[in-house]
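Residues per chain are reported as follows:
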Amino acid sequence: MDATMENKMGLPPPYEQSARNPAPPPSYFGDNPPPPPGLVVPPAAPPRTTVIVSPPTTTGSAPAKLGPGPTGTSCPHCHKSIVTRIDFVPNNRTHIASAALCVLAGCCCGCIIPYCMRSCKTANHYCPQCRAFVGSYTPS
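Residues numbered from 1 in each chain as written. Predicted model: local features only at pLDDT ≥ 70, side-chain atom pairs only at ≥ 80, totals over all residues. Heavy atoms only, no water.

Caption draft 1: Structural view of the overall build of the chain. For the chain, the helix and strand inventory stands at 3 helices and 5 strands. For the chain, contacts bridging at least 24 residues in sequence account for 49% of all contacts bridging at least 6. When the accessible surface of the chain is totalled, it reaches about 12000 Å², and 62% of it is carbon and sulfur. (Helix = DSSP H or I, 4+ residues; strand = E, 2+ residues; numbered from the N terminus. Contact = heavy atoms within 4.5 Å. Areas by Shrake-Rupley, 256 points an atom, 1.4 Å probe, with all protein chains shown as cover.)

Caption draft 2: Region of the structure containing the pairing of strand E5 (residues 133-137). In this sheet, E5 lies alongside strand E4 (residues 121-126) in antiparallel orientation, the contact comprising 4 bridges. Counterpart to Tyr126 in the pairing with E5 is Phe133. In this structure, the hairpin formed by E4 and E5 is closed by a connection of 6 residues, where Arg131 is found at a positive phi of approximately 60°. (Pairing = 2+ DSSP bridges.)

Caption draft 3: Looking closely at helix H2 (residues 92-105). Here H2 spans 20 Å end to end across 14 residues, near enough to the 20 Å set by a 1.5 Å rise per residue. At the N-terminal boundary of H2, the capping side chain belongs to Asn91, with an oxygen 3.1 Å from the backbone nitrogen of Arg93. Gly106 occupies a position one or two residues after H2 and carries a positive phi of about 80°. (Expected span 1.5 Å × (residues − 1). Polar contact = N/O pair within 3.5 Å; in protein donor to acceptor, adjacent residues only side chain to side chain.)

Caption draft 4: Representation of the sheet that holds E4 in the model. Taken together, 3 strands build an open sheet; the order of strands is E3-E4-E5 and the sheet is antiparallel. At either margin of the open sheet sits one strand with a lone partner, and together these are strand E3 (85-90) and E5. If you compare each strand with its neighbour and ignore which way they point, the axes differ by 25° on average. Where E3 lies against E4, 6 bridges are found, and the strand directions are antiparallel. Note on E4: the bridge partner recorded for Phe88 is Ala123. (Axes fitted to C-alpha atoms, helices over the stretch in contact; angles between N-to-C directions.)

Right, dumping it as structure tokens:
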């Protein structure tokens, strides 16, 4: 069989013999050529090590997990023991539920229901003493 007959039959062309162990490519990192004459290369500075130390925390307690209702905790700003004040704000879940009710019900009357339900909103917790933001609770 010749090469044209093999191609007509759908067979791959014959492989060429290659060298047993080809030479590796030149290294880009070792044996650098010397710099051209007249060029002054400054000596390399030794590497620096920077150590970053964070100051120790003064409060011994971890932040409390905030729930959907008022939660007793310590304010991270004024460091007083408080029961948080809550503001409920709409989130993406509220908007999606409203759009789904509008499509499923076929009218716009059901669209306002998620905006009246606290379970569809994010609860933002604030300190009643200094009015600082403490954290938020997003329903799952």
